[in-house]
Amino acid sequence: MARTAARGGRSKVAAASSNRKRPPERATAKAANSAVARTSTPELETIFDYVHHAAARLERAHVIFAHGTTDPVAEAAFLVGEAMHLHPDEVEPQAARRVPKAAGRRILGWIEQRIATRKPAAYLVNRMYMRGLPFYVDERVIVPRSFIGEILDSHFGDDDVLRLRHPATVTRVLDLCTGSGCLAILAARAFPNATVDATDLSADALAVAARNVREHGLTDRIHVAQGDLFTAVSGKRYDLIISNPPYVDAKGMAGLPHECLAEPRMAFDGGADGIDLVRQIIDGANTHLAPGGGLLCEVGRCKPAIEKAYPRADLLWLDTEESEGEVFWIEVARLADRSAHSAGAA
Ligand SMILES: C[S@@+](CC[C@H](N)C(=O)[O-])C[C@H]1O[C@@H](n2cnc3c(N)ncnc32)[C@H](O)[C@@H]1O
């Protein structure tokens, strides 16, 4: 039985894939450098000029926007903001500000690197913002872009009609597959009385998560631990489990956009039908949730596969500004119910 709340747009994977057929520009590093020299023209003076110029370059080069920005102007503004040490929200109000020469060279260099290498902009500047907060990122972790960040704000607040849980009553949170630690950090802020366990199989990812936890001043409330899904927290129970696990199916893995190839493969690979890990999370959550608790899980385009595998599970599908049917919520009482069991197990 499927339930849905709120409305949204299109899948981030769909957004990433939709441009794939356009031929990538073949720019070498040498060509990139000479392009920088060519484009360092005196008419580029203000933030507005650089954003306009950079957006046009990115658009002409047909780069794919799937890593925290969704269009050339937003990506250009992000890079210009980084060069000027501005939060993305500060870029537009300061559009008339003059860009110093050194910052201008940095911007043009990043744009040409972005086009030549196709790496996500976040890796070039080692930063990405989520819900307005900065996170350190490098190629050891997927670039933060989970829809769960928005849901933590929208569906646990005082004025939300659903209000899945009152934030003050959440004292124990598990972030499974934490990557950069972005969701664990957002959860610690959304639930001020909670301690958070942030787990991942990748030691590399956990090193990045630990850095972010430190930089956000949350080492007393967020504990990172390595392990295969629930093995890192055996015997423990939580009010809330959040997870953005790998969920790309075999077909999706074969056609990942060039931009995603720079990200760790294990952050995407969800097995043949995409739900190898999601199955383990649904089946294991029951024994790791406290009474009244629930599981919030992002699954990308796997909703049909999950509904096929769990035809009687009462999943509540939550939409966001940019997604529809990519995140589900299920309460522990319904997980404990035999009806939540998979088609094979029922
Ligand atoms: C899609 S990324 C999500 C990262 C982060 N939560 C976010 O939203 O940006 C999935 C993460 O799952 C981790 N992972 C893959 N297989 C795992 C497993 N069996 N157990 C725990 N973590 C795993 C990967 O290392 C990766 O960091």
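What counts as what
- Residues numbered from 1 in each chain as written.
- Predicted model: local features only at pLDDT ≥ 70, side-chain atom pairs only at ≥ 80, totals over all residues.
- Helix = DSSP H or I, 4+ residues; strand = E, 2+ residues; numbered from the N terminus.
- Buried ≥ 20, exposed ≤ 12 C-beta atoms within 10 Å, placed from the backbone.
- Core = buried A, V, L, I, M, F, W, Y, C linked by C-beta atoms within 7 Å.
- Domains from an automatic or database assignment.
- Contact = placed C-beta atoms within 7 Å.
- Near = placed C-beta within 6 Å.
- Nonpolar A, V, L, I, M, F, W, Y, C, P; charged D, E, K, R; others polar.
- Pairing = 2+ DSSP bridges.
- Axes fitted to C-alpha atoms, helices over the stretch in contact; angles between N-to-C directions.
- Parallel < 35°, antiparallel > 145°, perpendicular 65-115°, else oblique.
- Left-handed = near helix turned anticlockwise from the far one by under 90°.
- pLDDT = per-residue confidence, 0-100.

As annotated in an unreviewed UniProt entry, the protein chain is Ribosomal protein L3 N(5)-glutamine methyltransferase from Nitrobacter vulgaris.

Chemist: Please set out the overall build of the protein chain residue by residue, giving values where relevant.
Modeler: When you go through the protein chain residue by residue, the secondary structure sums to 14 helices and 10 strands. Relative to its full complement of 346 residues, the protein chain shows a buried share of 45%.

Chemist: Tell me about the nonpolar core, residues and numbers included.
Modeler: Ala54, Leu79, Val80, Val173, Ala187, Val278 and Phe328 are the most contacted members of the largest nonpolar core, which has 99 residues in total. A per-element tally of this core places helix α9 (residues 182-190) first, with eight residues. Residue-level mapping places this core at the junction of two domains, with at least three residues from each of domain 1 (21-125) and domain 2 (142-340). Not counting chain neighbours up to four residues away, the residues in contact with valine 173 comprise Ala187, Phe191, Ala194, Val196, Tyr238, Asp239, Leu240 and Ile242.

Chemist: Just give me the short version of the environment of glycine 270, but keep the residues and values in it.
Modeler: Of note, glycine 270 is situated in the loop between α11 (250-254) and α12 (276-285). Residue glycine 270 is classed as buried on the basis of its 23 C-beta neighbours within 10 Å. For glycine 270 and cysteine 302, which are 32 residues apart along the polypeptide, the C-alpha to C-alpha distance reads 9.8 Å. Setting aside anything within four residues of it in sequence, one finds glycine 270 in contact with Pro246, Tyr247, Val248, Asp249, Ile275, Asp276, Leu277 and Val278.

Chemist: Give a detailed account of the site of the ligand, specifying residues and quantitative values.
Modeler: Neighbouring the ligand are 23 residues; Ser146, Cys177, Gly179, Leu201 and Asn244 lie closest to it. Classifying every residue of the shell around the ligand by side-chain character gives 15 nonpolar, six polar and two charged.

Chemist: Give a detailed account of the pairing of strand β8 (residues 289-298), specifying residues and quantitative values.
Modeler: In terms of residue burial, β8 counts as a mostly covered element, since seven of its 10 residues are buried. Relative to β8, strand β7 (residues 238-243) runs parallel, the two sharing five bridges. Residue pairing across strands places isoleucine 241 opposite leucine 295, the latter belonging to β8. Alignment of β8 against strand β10 (residues 323-331), held across five bridges, turns out to be antiparallel. Its bridge partner lying in β10, leucine 295 is registered against isoleucine 330.

Chemist: Please provide a residue-by-residue account of the packing of helix α3 (residues 47-60) against helix α4 (residues 72-83), values included.
Modeler: Angle between the axes and distance between the axes: these two values describe a pair of packed helices. Taken N-terminus to C-terminus, the directions of α3 and α4 make an angle of 130°; their axes are 8 Å apart at the nearest point. On the basis of the axis angle, α3 is oblique to α4. Remark: the crossing between α3 and α4 carries right-handed chirality. Contacts between α3 and α4 involve Ile47, Tyr50, Val51, Ala54, Ala55, Leu58 and Glu59 from the first element and Pro72, Val73, Glu75, Ala76, Ala77, Leu79 and Val80 from the second. Of the residues assigned to the contact of α3 with α4, the class counts are 12 nonpolar, no polar and two charged.

Chemist: Any chance you could break down unusual backbone geometry for me, citing the residues and the numbers?
Modeler: Non-glycine residue histidine 62 carries a positive phi angle of around 55°. Unlike most non-glycine residues, leucine 229 shows phi in positive territory, near 45°. Position of leucine 229 among the secondary structure elements: in the loop between β6 (222-226) and β7. Classification of leucine 229 as partly exposed rests on a count of 18 C-beta atoms within 10 Å.

Chemist: If you had to explain the confidence of the model for the protein chain to someone new, which residues and values would you point to?
Modeler: Taken residue by residue, the protein chain gives an average pLDDT of 87. The fraction at 70 or more is 84%. Contacts from residues 6-39, a stretch scored under 50 in pLDDT, to residues over four places away or in other chains number 58 contacts.

Chemist: Got a sec to walk through the pairing of β6? Specific residues and values, please.
Modeler: Two faces make up the sheet, and in a regular strand the side chains alternate between them. In this structure, strand β5 (residues 195-200) lies alongside β6, joined through five bridges in parallel fashion. Of the residues in β6, the one forming a bridge with aspartate 200 is glutamine 226.

Chemist: For the environment of alanine 96, give the residues involved together with the corresponding values.
Modeler: With respect to the element layout, alanine 96 can be found in the loop between α5 (88-91) and α6 (101-117). In this structure the C-alpha to C-alpha distance between alanine 96 and glutamate 45, which are 51 residues apart in sequence, comes to 8.9 Å. What alanine 96 contacts, discounting residues up to four positions off in sequence, is Thr46 and Phe48.

Chemist: Tell me about the packing of α3 against α6, and name the residues and values.
Modeler: In the contact formed by α3 and α6, the axes pass within 10 Å of each other and the chain directions differ by 15°. By the criterion of interaxial angle, the relationship of α3 to α6 is roughly parallel. Read as a crossing pair, α3 and α6 show a hand that is right-handed. Where α3 abuts α6, its residues Tyr50, Ala54, Arg57 and Leu58 lie against Gly104, Ile107, Ile111, Arg114 and Ile115. Tallied by class, residues from the contact of α3 with α6 come to six nonpolar, one polar and two charged.

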